[in-house]
Structures are given as C-alpha cells and as structure tokens.
2 protein chains.
Amino acid sequence: MYKEKEDLHAVQKDYYKDNRKMYVAIDCIIFGFDSGNLKLLLFQRKVAPLSGEWSLIGSFVNLDEDVSAAAERVLEETTGLKNVFMEELKVYGAVNRDPGYRCISVGQYALIRLNEYDKELVKEHGAAWYDVNELPPLVLDHGQMVKDALAKLKQKARFQPLGFELLPEKFTIPQLQSVYEAIFQKELDTRNFRKKVFSHNVLVKLDEKDKTSSKRGAFLYKFDRKRYKRLIEQGNDFEVL
Amino acid sequence: MYKEKEDLHAVQKDYYKDNRKMYVAIDCIIFGFDSGNLKLLLFQRKVAPLSGEWSLIGSFVNLDEDVSAAAERVLEETTGLKNVFMEELKVYGAVNRDPGYRCISVGQYALIRLNEYDKELVKEHGAAWYDVNELPPLVLDHGQMVKDALAKLKQKARFQPLGFELLPEKFTIPQLQSVYEAIFQKELDTRNFRKKVFSHNVLVKLDEKDKTSSKRGAFLYKFDRKRYKRLIEQGNDFEVL
DNA sequence: GATAATAAATGTAAATTATACATTAATTTT
DNA sequence: AAAATTAATGTATAATTTACATTTATTATC
C-alpha cells in the first residue's frame, strides 16, 4: 500500500498541515459504433445519493495508482478491454459537483470496437448501450461530460484517425464513411470521401469482401499504423473532411 | 470553510471508508510574448524538496474552491491579472510525480500581455521571464508540462485566435505575424499572412500608427471579438496557416 | 532640402485542393 | 433472364494556397 513519505517534508509540515486532501475519481465515457450510430455504455449507479440512476462508470483513483491507470483499470473491469484508445477529456473540478464528499473527476473518453468487448462482463455490471442521440438523464455532471466528449471527438476526428478505433480491424469503406457521418453528424459524398481517405495511403485493401450489407459485397480494408506514423512524421495530418 | 456532508453518504460509509484522498494542485504555465519570442514566467520553489529550483507557479486546490478558480487565484496573486486566456492543459497524475505526498496536478496554461501584468507583484515573487527556447531545468514534471503546453498552443493556434491574447489590445500586423512565427516556429510569408488574417474580417484598422519599429510606422489594429463570434457561429474557424 | 535607409504595404499567376454531381459494376434473389 | 441492391468510379469547375518582387511612407543624414 502507498505510504506518504513524511520525512521529506518534515521541515515545512506547516505548509501541508491544513487538510486539503480530496477524492480524485475518473469517469469513463465509452463510445462504440453500431448500425450507423454512436453508442455510449451506461451503468446504473450503485451508491447513494442517486443510486439506481444512469451514470457513466467511474472509480476513485487509488493512492498507489496513476490517474490514467485508474481509467484503464475501470475500462478493463467493465469491458475486458486493454490497450484501446482512451484519452483525457478534462477535469471536472467544481466544488459542488458531487453532493456528497468533495471529489474531482477526470473525464476519460474511450473508443472501442463493439465486436471485441466482453459481453458477459457488461451484463454482470448491469450496463447498457445507448444511442448517443437517445440518452437518458445522467447523474451529476455526467451529461455534460458526454456532451464535452462528443464535441471533442468531433474536433479531433478531423485530423486524427479516430474512426478506425470504432470499427473492427477489417472494415469496408461504406462502414468507415458511416462512422464519420455519425461523428460529424453530417452526410458525406461517397466519391469525395473515398478520394480523401485513399489519398493518405494508410489503408490496405484485402482480398476479402463483406457481404453482410449488399449482394455485391464491399472489399475489406485494414488501417496501416506504420504508414500512418510515417504520414505524421512527415508533418501531415490524417484529414477526412 | 468547506464541510463534508457525512449524512448523505451514511448508508455506504464503507464505500468511502478507506482513505483515498490526495492533494490536488494546479500549476500555471504562463506565456508572454516579447521581441519576437515566447516567454515563460518562472518561479523559485519555496518548499523542500528542491527548494530554490526553478519551477512553475502552483498551489493546492482548497476544499472550498473549484479547480479552475484555484488557477485563476494563483494567476492573479502572481501577475495581478484576471480574465485572461487560461485553459486546462492536462492532468499530471503519476503516483510518483511528487517525491513527497501523493499529489496530482492540473496543468493550466495562460496567455498574457506583457504590457498589462503587475511588475511589482512579479518581482515580489522572485519570478522571472525566460525565453521558451532557453529554459533552465525545472523541478518535477514541470519541464514536461511546458513541453506539452507549447505543443498544445501550436495545435490550437491554428484554428483559434490565440495570437491576440499575447499582444496589447492595439497591435500591428507585423507584430501579429511575429507572434505566429514564434508559436509555429516557422517563418511566414508577409503577403499571404496578411491576406489570410484579413480574410476573416475580424480586424479593425485604427487611425493610428506604431512607429517604434520603423520610420514609416505600421498601422494599429484591434481584434473584434463580436465579429469573431459571428464567424464561429457561422461554422468557420479562424485559421492562420 | 535632397538622398539614403528602413520597414510597411500591396497583387498576380500557377498549382493544388475541394466541391458538385451521375453512371456502371458485381452479385443475389425472384 | 430480369430485377433489385449497394459498391465503385471520374471529371469539370470553383476555391484556396502558394510562390514571389516592387512600391510607399517616413526619418535620418549629408
């Protein structure tokens, strides 16, 4: 267990003496993508006040745990997933954001592939996927967190290849377009979209088709992270719009 | 003084019982601009360990204080400035980032006008302006904070009008170009730069010249926040590059 | 008071990128 | 064999970006 190193600070004990410690939590804004829509994984709050209400999943940060590690822990506990895209959104630090103890929370948004997460675990947690356009009211400032996360996603996706994080490793171009249409809330032109994504030279065409959504079938592609790395090293962005 | 509301949580005391409270601090990355260079305001650390070393200015967040309010407080205490551009950078939450107590810090970067701050106050605090390209070693993870802040500034300045925050209310176009050259670390073409900034229609030309840097003198301009607001409401960005 | 010196201000042509838009291709079902 | 369905593709026009050199206003100097 983590132990404070009192000695180091012995000299200026007074500086620290008044108790300004507080709880630090993380809350996960977990996005998925399915049949044309962005989805959000919601949980039923287990502790009073507001027990039973819909909420993001979160946790206190332990004293012997990095803030980012706490977020990764929670994500794994609830979805079974490690090493997925997760990034800090922002700090929610208002004094009265939690009606109980003083507690700040670091919002962390994650993008996951709906074909990869552990459905048993999610069921055990009594969690459910909601369309981001049809969310129930959320506890505390969680509604604001979701709003902020959606805005950030929209922003970031313009220049970073976030769309791929929401699709299976193998995906079709129509699927990719659909993800971006959901993120940007805007219809995109097929021909211009294809031109643009291909122009970056980071997609690898496979010798395989997905026939789940058409008779003709659409070719599957993979995102090539090495080529993407080269792209940004040359000072370019991955633009979609 | 802030008082925990124990009653509300009485039922699940056990959930909170193990002490996971920690210190929450903010650290200010305060940028200025002078004679072609970005400057950073640095302080000499007052508490052990590392007392006397160069450091960002920071503070613990009080229990009855919003996180953002703590940052505003510190900025005002050290520079006398209120209502200047300040934004969250990110959370520094590694377990061992501070060799003393467990303490996470929220980096907050500010852009200030060097003609406006309170020089007496800064002197009292034993602070000094350093060129961002000639920084001394900084304590803890403060060097990383500065690096991150510079990267974020570079990113954000591409689409948000941050350059103006570093100049006096009245400025010349050559000064503005110089700010952006410092932010982007790149020389810009005079004619193309002017074309671009004027194209957004957010600069008001004054009937006044600044003759401090040329015989001919350069016209002064003001940034028109109302027109900028209109610009973004129409879904446009303020692009400079 | 003419000349030199200095930084400010301006325009244009070529290249690149973005936009708008309609048809053909592959496959399965009937 | 025909119909139905989604995937895939190209081109012309408009808009934007880039590269680049000269003139202008003013002060200092001779």
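The coordinates are above.
Attention in this report is confined to the structure presented alongside it. All figures in this text were calculated on a predicted structure; none of them were measured in a lab.

### Digging into the nonpolar core
Okay, so step 1: Of all hydrophobic cores here, the largest spans 52 residues; its most connected members are Ile26 and Ile104 of chain A together with Ile26 and Ile104 of chain B.
Okay, so step 2: With near-sequence residues (within four places) excluded, Ile104 of chain A lies in contact with Met22, Tyr23, Val24, Ala25, Val91, Tyr92, Gly93 and Arg97 of chain A together with Val24, Val67 and Ile104 of chain B.

### Regarding the protein's contact with DNA strand D
Okay, so step 1: Within the structure, DNA strand D sits among 20 residues, and Arg194, Lys195 and Arg216 of chain A together with Arg191 and Arg216 of chain B are positioned closest to it.
Okay, so step 2: Backbone atoms, meaning sugar plus phosphate, form 49% of the atoms of DNA strand D positioned within 4 Å of the protein.
Okay, so step 3: Here Phe219 of chain A contributes a backbone N or O atom positioned 3.0 Å from a phosphate oxygen of DNA strand D.
Okay, so step 4: Asn192 of chain B places a side-chain nitrogen or oxygen 3.0 Å from a base nitrogen of DNA strand D.
Okay, so step 5: Secondary-structure elements contributing two or more residues to the surface near DNA strand D are helix H6 (190-199) and strand S10 (218-223) of chain A together with helix H6 (190-199) of chain B.
Okay, so step 6: A total of 4 residues in the surface near DNA strand D trace back to one element, the largest contributor, which is H6 of chain B.
Okay, so step 7: Partitioning the surface near DNA strand D into residue classes produces 3 nonpolar, 4 polar and 13 charged.

### Description of the protein's contact with DNA strand C
Okay, so step 1: In the vicinity of DNA strand C there are 20 residues, among which Lys195 and Arg216 of chain A together with Arg194, Lys195 and Arg216 of chain B approach most closely.
Okay, so step 2: Take the atoms of DNA strand C that sit within 4 Å of the protein: sugar and phosphate atoms are 47% of them.
Okay, so step 3: Lys195 of chain A is positioned such that a nitrogen or oxygen atom in its side chain is 3.0 Å from a base oxygen of DNA strand C.
Okay, so step 4: The separation between a phosphate oxygen of DNA strand C and a polar main-chain atom of Phe219 of chain B is 3.0 Å.
Okay, so step 5: Every element with two or more residues in the surface near DNA strand C is listed here: H6 of chain A together with H6 and strand S10 (218-223) of chain B.
Okay, so step 6: Counting residues per element, the surface near DNA strand C draws most heavily on H6 of chain A, at 4 residues.
Okay, so step 7: A class-by-class count of the residues in the surface near DNA strand C yields 3 nonpolar, 4 polar and 13 charged.

### A look at the side chain of Lys39 of chain B
Residues and elements named next belong to chain B.
Okay, so step 1: Mapped onto the fold, Lys39 is located in strand S2 (residues 37-44).
Okay, so step 2: One buried charged side chain, Lys39, makes no salt bridge at all; its nearest oppositely charged neighbour is Asp131, positioned 4.1 Å away.
Okay, so step 3: Beyond its immediate chain neighbours, meaning those up to four positions away, Lys39 contacts Ile30, Phe31, Gly32, Asp34, Leu114, Trp129, Tyr130, Asp131 and Val132.

### Observations concerning the pattern of salt bridges
Residues and elements named next belong to chain A.
Okay, so step 1: Applying the stated criterion across every chain yields a total of 24 salt bridges over all chains.
Okay, so step 2: A salt bridge links Lys156 to Glu87, with the shortest nitrogen-to-oxygen separation between them at 3.2 Å. Here the residue Lys156 occupies a position in helix H4 (residues 142-156), and Glu87 occupies one in strand S5 (residues 85-92), the gap between them amounting to 69 residues.
Okay, so step 3: Looking at Lys156, the relative accessible area reads 25%, which means it is partly exposed.
Okay, so step 4: As a salt-bridge pair, Glu165 and Arg113 come within 3.8 Å of each other at their nearest N and O atoms. Here Glu165, found in the loop between H4 and strand S8 (171-172), pairs with Arg113, found in the loop between strand S6 (103-111) and helix H3 (119-124); they are 52 residues apart in sequence, far enough to count as distant. Arg113 shares its class with Glu165; the two are buried.
Okay, so step 5: In the salt-bridge network here, residues are joined through shared partners; they are Arg113, Glu116, Glu165, Glu169 and Arg225.

Criteria and thresholds
- Residues numbered from 1 in each chain as written.
- Chains lettered and ligands numbered in written order.
- Predicted model: local features only at pLDDT ≥ 70, side-chain atom pairs only at ≥ 80, totals over all residues.
- Heavy atoms only, no water.
- Core = buried A, V, L, I, M, F, W, Y, C linked by side-chain atoms within 4.5 Å.
- Buried < 20%, exposed > 50% of the residue type's maximum accessible area, 1.4 Å probe, protein only.
- Contact = heavy atoms within 4.5 Å.
- Near = heavy atom within 4 Å.
- Polar contact = N/O pair within 3.5 Å; in protein donor to acceptor, adjacent residues only side chain to side chain.
- Helix = DSSP H or I, 4+ residues; strand = E, 2+ residues; numbered from the N terminus.
- Nonpolar A, V, L, I, M, F, W, Y, C, P; charged D, E, K, R; others polar.
- Lys, Arg positive; Asp, Glu negative; His and termini not counted.
- Salt bridge = Lys/Arg side-chain N within 4 Å of Asp/Glu carboxyl O.

What is shown is where atoms sit, not what they do.
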